[in-house]
Amino acid sequence: MTGSELSIGCKYLLPLAGLQALIEVLATRGYLVLGPALRDGAIIYDEITTLADLPAGWTDQQDAGRYQLARRDDNALFGYAVGPQSWKKFLLPPTETIFTAHRTADGFAIAERAPPPPKFAFLGVRACELAAIAIQDKVLLNGPYTDTSYQSRRSKNFLIAVNCGTAGGTCFCVSMQTGPAAQSGFDLALTELITPGAHEFLVTAGTREGAEILATLPTQPATPNHIAQADAIIAHTAANMGRTLDTTGLKDRLQANLTAPQWDDVAARCLSCGNCTMVCPTCFCTSVEDHSDLSGQTATRTRRWDSCFTLDFSYIHGGSVRAEPASRYRQWLTHKLANWWDQFGTSGCTGCGRCVTWCPVGIDITAEAAAIGSENGNT
Amino acid sequence: METLERIVMAHPFFAGLESELGPLIAGCAKNLRFTAGQYLFRSGEPANEFYLIREGTVALEIQPPGQPPVVYATETTGDIVGTSWLVPPYRWNFDARATTPVRAISLDATCLRNKCEADHHLGYEMLKRFLPEISQRLDDARLQMLDVYARPKR
Amino acid sequence: MSDPFLPTPYRVTSARQELSDVTTLELTPEHGAIPAFQPGQFNMLYAFGVGEAAISISGDPADPTRLIHTIRSVGAVSAALANTQPGTTLGLRGPYGTAWPCAASEGQDIIFIAGGLGLAPLRPAIRHTLANRARYGRVTLLYGARDPSGLLYRTELEHWRTLLDVDIHITVDHADPSWHGNVGVVPRLIPRLGLDPLNTTAMVCGPEIMMRYSATALHDSGLPLERIHVSLERNMKCAIGLCGHCQFGADFICKDGPVFRYDLVAPRLAIREL
């Protein structure tokens with residue numbers, strides 16, 4: 001059914017070809033469509049122009065410090081959990097020029113920032129990722145000062161959520177109440193339905209623009225059968241989480257145990273490599289660097305991702321406040337799971353499991369959070 | 001003597017001391033004046049007395065050879081000068097110099113030590129007052145050692 | 001919406017060397033007026049091609065025509081700022097941060113406690129208090145430095161000394177005999193004040209250790225911890241709450257501080273490497 005706007009929240013059925021049509025409609029509306037792609041043995045986010053770009057038939061096997069791809073026995077386009085990249089790669093880019101300044105006769109002049117980035121359409125946003133984007137919106141848009149660069153990227157963002165049909169080995173979105181079903185924050189939400197006879201998507205619109213675009217695609221109202229099928233998939237995912245995190249009293253326990261011996265236990269293993277902060281979809285810390293060309297006439301200031309695991313991060317007056325790995329790990333964990341509540345009213349963690357998967361020594365945030373302040377210190 | 005006892009008991013250092021002990025202490029006391037620049041005692045001398053400062057300021061200093069003296073503490077009105085008289089070998093480890101005209105009561109060390117030995121109650125009352133002084137000076141010295149105002153090293 | 005990461009150009013109109021490594025700059029904007037500031041706030045000063053540093057404003061909040069910053073040369077950026085010649089253009093973002101509780105403490109006795117360069121962020125509060133003297137009770141300044149050559153704003157200290165309704169007590173960690181004042185640590189001066197625990201507010205600024213010991217001494221004299229205010233420092237990058245660097249527990253120094261009520265930060269200050 002096409003024609004005038006379809007209702008927000010109502011469920012429709014979209015055939016596989018409809019997904020291709022969706023990509024094309026977005027492209028003609030000026031969106032740069034980004035989605036999952038297979039690259040270097042991982043599923044990352046890159047430009048998508050056709051369905052053939054998607055990692056059909058691939059899934060990921062994840063555990064603490066382990067990630068590998070494996071073939072599925074079907075051709076699911078979204079049959080994996082999450083890869084090493086998150087959408088912050090596009091919304092809060094790893095490096096960005098803040099300004100360029102040129103010396104003038106009596107001082108210097110600052111040139112405005114680079115022109116605004118293209119409109120991004122994200123295809124394949126997981127529920128945990130929607131939650132992460134909402135969390136970063138709160139940090140970067142709702143404070144006393146607005147990150148105008150992030151704001152311009154987000155204001156033109158089109159999000160197509162895809163509910164997880166497979167739970168990841170390190171996933172715990174159920175514990176963090178962020179998934180596996182996308183509840184809000186999307187323009188469109190899909191659930192991939194694969195049966196011996198059909199490969200289609202249950203789709204619902206979350207916004208007016210989502211409904212407008214959906215109205216241009218070949219949809220039919222979803223039958224109760226399809227809806228039940230989608231619900232079953234989501235229930236199955238929810239029942240197969242790779243990890244759990246008991247959040248009861250977690251904030252208070254972490255904040256009350258800042259000198260617990262267990263911090264030294266994890267510090268003995270932590271390399272302070274910062275992988276966790278790079279793959280984490282909510283970590284927002286950045287640093288600025290000032291450069292000048294050899295002639296000293298032009299200066300630039302760039303902003304880049306930073307990590308609280310670096311020694312420089314807390315440098316003042318001739319030394320780092322957090323010199324020991326233990327205090328740096330403590331900073332990361334207490335910020336993510338405790339202080340974030342005081343600062344922004346939510347947890348900083350969405351249960352995506354990336355930090356567990358991509359830690360070279362397999363440190364598991366769910367295990368460490370449980371250990372701090374516990375009796376025996378082991379889990 | 002009676003006036004000296006009143007002066008001694010009125011000094012903040014002896015606040016709360018039972019009046020019966022006043023004559024014992026006053027019996028070791030002398031009223032003194034120093035002019036600005038005058039030394040109360042010098043490093044190496046026997047610690048024969050300690051001083052209740054009634055008015056004025058006293059600088060405690062040490063002079064490293066070949067360098068100007070370093071003043072590391074000052075004591076002023078209401079303070080005391082001298083704790084070495086309590087600890088063998090009863091010798092001053094620094095110089096004490098009046099930086100302003102100073103009026104003080106000096107208390108003879110031998111006299112007081114003997115009386116404290118004979119009357120342990122008096123001895124305990126004295127130590128009860130000296131220990132916080134010594135402890136405070138140790139804390140202060142550590143804080144000075146941290147050199148908190150210095151330029152950062154790196 | 002204007003980009004809060006972009007500095008505004010300011011010209012240095014004067015540079016005065018205060019101490020061997022400390023300079024006071026006076027700045028004026030290239031366009032427009034100096035934004036109003038509260039005592040205790042800071043600006044991010046940008047040296048072309050070198051970088052930005054957080055520097056407390058140390059001028060008079062009642063004088064909107066002069067912007068004063070006192071800078072200690074401790075690294076590449078502060079050295080570049082401190083060595084700036086009059087006529088040079090710097091970049092500026094701000095003012096940022098929380099303020100000393102000058103308004104909230106009206107009617108009370110005020111004790112200012114400064115250590116070393118800590119007198120610079122306190123000076124706007126001291127000036128405000130003295131300019132509105134009738135609104136406050138006893139006003140006392142305790143100031144400590146390493147040695148007499150480290151005493152900042154000597155001329156102003158001498159002027160404050162002449163005021164009949166202000167008590168100034170200065171001490172240094174050590175001195176040579178030409179110094180006739182106090183020698184000893186700042187906390188040592190506190191028991192002698194005879195402060196009124198029920199009607200006093202203390203504002204303390206200096207090295208963190210000195211602030212902690214001073215706060216303890218104030219507390220030992222009966223002052224409740226919530227009447228003591230300190231100014232904290234951590235690594236500062238964006239100063240606008242977006243980069244995460246300045247976090248101290250759950251607080252961002254740039255927007256929840258730098259001025260904090262001591263009871264709210266004392267437990268965290270006791271934890272190493274927080």
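(A) View of the overall build of chain B. Helix and strand content of chain B: four helices and eight strands. Shown N-terminal to C-terminal, the secondary structure of chain B runs as helices and strands in the order α-α-β-β-β-β-β-β-β-β-α-α. Taking 2.2 N^0.38 as the reference for a compact globule, 154 residues should give roughly 15 Å; the C-alpha atoms of chain B span a radius of gyration of 17 Å, in line with that estimate. With the C-alpha coordinates aligned to their principal axes, the bounding extent of chain B is approximately 60 × 30 × 25 Å. The buried share of chain B, reckoned over its 154 residues, is 25%. Taking as baseline every contact in chain B between residues at least 6 positions apart, the subset at least 24 positions apart corresponds to 73%.

(B) Looking closely at the overall build of chain C. The number of helices and strands found in chain C is five helices and 15 strands. What you see for chain C is a C-alpha radius of gyration of 18 Å, in line with the 19 Å of a compact globule of 274 residues. Projected onto its principal axes, the C-alpha coordinates of chain C cover approximately 50 × 45 × 35 Å. A burial count over chain C gives 54% of its 274 residues as buried.

(C) A look at the packing of helix 9 (residues 262-269) of chain A against helix 11 (residues 325-344) of chain A. Residue and element names in this part refer to chain A. Here helix 9 crosses helix 11 at 105 degrees, and the two axes come no closer than 8 Å. Of the possible angle classes, the one that applies to helix 9 and helix 11 is roughly perpendicular. The residues of helix 11 that touch helix 9, namely those facing Trp263, Asp264, Val266 and Ala267, are Pro325, Ala326, Tyr329 and Arg330. Residues of the contact of helix 9 with helix 11, tallied by class, amount to six nonpolar, no polar and two charged.

(D) Focus on the sheet that holds strand 8 (residues 119-125) of chain A. Residue and element names in this part refer to chain A. Here eight strands make up an open sheet; going across it, the order is 3-2-8-9-10-11-1-12 and the pairing mixed. Taken across any chain shown, the strands that pair with only one partner, and hence form the sheet edges, are strand 3 (42-47) and strand 12 (220-221). Bridge count between strand 8 and strand 9 (residues 158-162): four bridges; the pairing is parallel. If you follow Leu123 over to strand 9, its bridge partner there is Ile160.

(E) Local environment of helix 9 of chain A. All names here are of chain A. Those residues of helix 9 not exposed but buried are Gln262, Trp263 and Val266. Along the long axis of helix 9, the arc covered by the buried residues comes to 110 degrees, so they all point the same way. If you follow the buried residues of helix 9, they end up packed against helix 11 and helix 13 (365-371).

(F) Quick look at the interface of chain A and chain C. If you look at the interface, chain A gives 40 residues, while chain C gives 33 residues. Of all the secondary-structure elements, those providing two or more residues to the side of chain A that touches chain C are strand 6 (95-104), strand 7 (107-111), strand 13 (286-292), strand 15 (315-316) and helix 11 of chain A. Looking at the side of chain A that touches chain C residue by residue, the class counts come to 19 nonpolar, 15 polar and six charged.

(G) Quick peek at the confidence of the model for chain B. Confidence along chain B averages 93 in pLDDT terms, with 97% of residues attaining 70 or more. Element-level pLDDT for chain B is lowest in helix 1 (residues 2-10) of chain B, with a mean of 89, against a maximum mean of 97 in strand 8 (residues 102-108) of chain B.

(H) View of the nonpolar core. Ile160 and Ala161 of chain A together with Phe112 of chain C are the most contacted members of the largest nonpolar core, which has 218 residues in total. Element by element, the count of residues in this core is highest for helix 3 (residues 127-141) of chain A, at nine residues. Residues contacting Ala161 of chain A, with those up to four places away along its chain left out, are Val125, Ala127, Leu130, Ala182, Phe186, Ala189 and Leu190 of chain A.

(I) Representation of the packing of helix 3 (residues 109-118) of chain B against helix 4 (residues 120-145) of chain B in the model. All names here are of chain B. One can describe the packing of helix 3 onto helix 4 by two numbers: an axis separation of 5 Å at closest approach and a directional angle of 120 degrees. As judged from the angle between their axes, helix 3 and helix 4 are oblique. Contact residues: helix 3 offers Lys115, Cys116 and Glu117, while helix 4 offers Leu122, Gly123 and Met126. When the residues that make up the contact of helix 3 with helix 4 are grouped by side-chain class, the tally is three nonpolar, one polar and two charged.

(J) How the structure looks around unusual backbone geometry. In this structure, Pro89 of chain B follows Pro88 of chain B across a cis peptide bond, with omega equal to 5 degrees. Each neighbour pair has its own omega, and for Gly257 of chain C with Pro258 of chain C the value is 15 degrees, a cis peptide bond. The topology assignment puts Pro258 of chain C in the loop between strand 14 (251-252) and strand 15 (259-261). Phi is positive for Tyr153 of chain C, close to 55 degrees, though the residue is something other than glycine.

(K) A look at the domain arrangement of chain C. Residue and element names in this part refer to chain C. Domains assigned within chain C are domain 1 (8-96) and domain 2 (109-231). Summarising the inter-unit geometry, the C-alpha centres of domain 1 and domain 2 are found 24 Å apart. Counting residues per element, the ones that place at least two in the side of domain 1 that touches domain 2 are strand 1 (8-19) and strand 5 (67-72).

(L) Summary view of the pairing of strand 7 of chain A. Residue and element names in this part refer to chain A. Taken together, the five bridges between strand 6 and strand 7 define a ladder with antiparallel strand orientation. Note on strand 7: the bridge partner recorded for Thr100 is Ala111. Turn length for the strand 6-strand 7 hairpin, with the two strands adjacent in sequence and antiparallel, is two residues.

(M) Just the confidence of the model for chain C, in detail. Averaged over all residues, the pLDDT of chain C is 96; the fraction at 70 or higher stands at 100%. Confidence metrics for the complex model read pTM 0.92 and ipTM 0.94.

(N) Spatial organisation of the sheet that holds strand 1 (residues 29-34) of chain B. Residues and elements named next belong to chain B. Spatially, the four strands line up as an open sheet ordered 1-8-3-6, and their pairing is antiparallel. Each of the sheet's edge strands pairs with one partner strand only, and the pair in question is strand 1 and strand 6 (80-81). The pairing of strand 3 (residues 49-55) with strand 6 spans two bridges and is antiparallel. For Leu52, the partnering residue across the bridge sits in strand 6 and is Ile80. Relative to the sheet, helix 3 contacts strand 3 and strand 8, its axis offset from that of strand 8 by approximately 45 degrees.

(O) Summary view of helix 7 (residues 224-238) of chain A. Residue and element names in this part refer to chain A. Taking 1.5 Å of rise per residue, 15 residues should cover 21 Å, and helix 7 covers 21 Å from first to last C-alpha, within 8% of that figure. Three or more residues of helix 7 are buried, namely His226, Ala230, Ile233 and Thr237. Taken around the axis of helix 7, the buried residues stretch over an arc of 55 degrees, which confines them to a single face. Exposed side chains of helix 7 directed beyond 90 degrees from the buried face belong to Pro224, Asn225, Ala228, Ala232 and Ala235. Those residues of helix 7 hidden inside the fold are in contact with strand 1 (11-15), strand 10 (188-195) and strand 11 (198-205).

(P) How the structure looks around the environment of Val361 of chain A. All names here are of chain A. With respect to the secondary-structure elements, Val361 resides in the loop between helix 12 (354-357) and helix 13. For Val361, a count of 12 C-beta atoms within 10 Å corresponds to the exposed category. Taking C-alpha positions, Val361 is 21 Å from Ala81, a pair spaced 280 residues apart along the chain. Every residue in contact with Val361, bar those within four places of it in the chain, is listed here: Gly65, Arg269 and Leu271.

Procedures and definitions
- Residues numbered from 1 in each chain as written.
- Chains lettered and ligands numbered in written order.
- Predicted model: local features only at pLDDT ≥ 70, side-chain atom pairs only at ≥ 80, totals over all residues.
- Helix = DSSP H or I, 4+ residues; strand = E, 2+ residues; numbered from the N terminus.
- Rg over C-alpha atoms; globule rule 2.2 N^0.38 Å.
- Buried ≥ 20, exposed ≤ 12 C-beta atoms within 10 Å, placed from the backbone.
- Contact = placed C-beta atoms within 7 Å.
- Axes fitted to C-alpha atoms, helices over the stretch in contact; angles between N-to-C directions.
- Parallel < 35°, antiparallel > 145°, perpendicular 65-115°, else oblique.
- Nonpolar A, V, L, I, M, F, W, Y, C, P; charged D, E, K, R; others polar.
- Pairing = 2+ DSSP bridges.
- Arc of directions from axis to C-beta.
- pLDDT = per-residue confidence, 0-100.
- Core = buried A, V, L, I, M, F, W, Y, C linked by C-beta atoms within 7 Å.
- Domains from an automatic or database assignment.
- Expected span 1.5 Å × (residues − 1).

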